[in-house]
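Fold and contact review
Spelled out, the chains give:
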Amino acid sequence: MPKPRSAVSCVENGTPPQRRLGGAEAVVIIVIITMAAALATFAGMTLPVVLQLLLGAGLVAVLLVALVTGTSTRGLRAALRALLTSAA
């Protein structure tokens, strides 16, 4: 009997199967989208300003979590590079 295609492709490629978002992750994403919409709508901010504000908050969050958890400098550099390249 042939194996299901999804199980075979994960084993052949060596990539782990994708997992769904947890409840806390989904809530964070919803809050970020809601705050961006509220800033643009009620505060009259333009989209680039809202994105800069959210990027700055994300950068502060990454630095704070890295300092609290003691993340290595390699992991911190990778996270900062990902944040800064998404801004450009």
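Residues numbered from 1 in each chain as written. Predicted model: local features only at pLDDT ≥ 70, side-chain atom pairs only at ≥ 80, totals over all residues. Heavy atoms only, no water.

1. Considering the overall build of the chain
For the chain, the count of helices and strands is four helices and zero strands. Along its sequence from the N terminus, the chain presents helices and strands in the succession α-α-α-α. Residues counted as buried form 6% of the 88 residues belonging to the chain. Accessible area of the chain: about 7400 Å², with a carbon and sulfur share of 71%. (Helix = DSSP H or I, 4+ residues; strand = E, 2+ residues; numbered from the N terminus. Buried < 20%, exposed > 50% of the residue type's maximum accessible area, 1.4 Å probe, protein only. Areas by Shrake-Rupley, 256 points an atom, 1.4 Å probe, with all protein chains shown as cover.)

2. A short note on the confidence of the model for the chain
Scored by pLDDT, the chain has a mean of 75; 76% of the residues are at 70 or more. Looking over the chain, one finds the lowest element-wise mean pLDDT in helix α1 (residues 5-13), namely 56, and the highest in helix α2 (residues 23-41), namely 83. (pLDDT = per-residue confidence, 0-100.)

3. Describing the packing of α2 against helix α3 (residues 47-69)
Taken N-terminus to C-terminus, the directions of α2 and α3 make an angle of 140°; their axes are 9 Å apart at the nearest point. The angle between α2 and α3 falls in the class oblique. Between α2 and α3 lies a crossing whose hand is right-handed. Contacts between α2 and α3 involve Ile32, Ala36, Leu39 and Ala40 on the former and, on the latter, Val50, Leu53 and Leu54. Grouping the amino acids of the contact of α2 with α3 by side-chain chemistry returns seven nonpolar, no polar and no charged. (Axes fitted to C-alpha atoms, helices over the stretch in contact; angles between N-to-C directions. Parallel < 35°, antiparallel > 145°, perpendicular 65-115°, else oblique. Left-handed = near helix turned anticlockwise from the far one by under 90°. Contact = heavy atoms within 4.5 Å. Nonpolar A, V, L, I, M, F, W, Y, C, P; charged D, E, K, R; others polar.)

4. A word on the environment of Leu76
For Leu76, the location among the structural elements is in helix α4 (residues 73-87). Sequence separation between Leu76 and Val65 is 11 residues; the distance between their C-alpha atoms is 9.6 Å. Setting aside anything within four residues of it in sequence, one finds Leu76 in contact with Val62, Leu63, Ala66 and Thr71.

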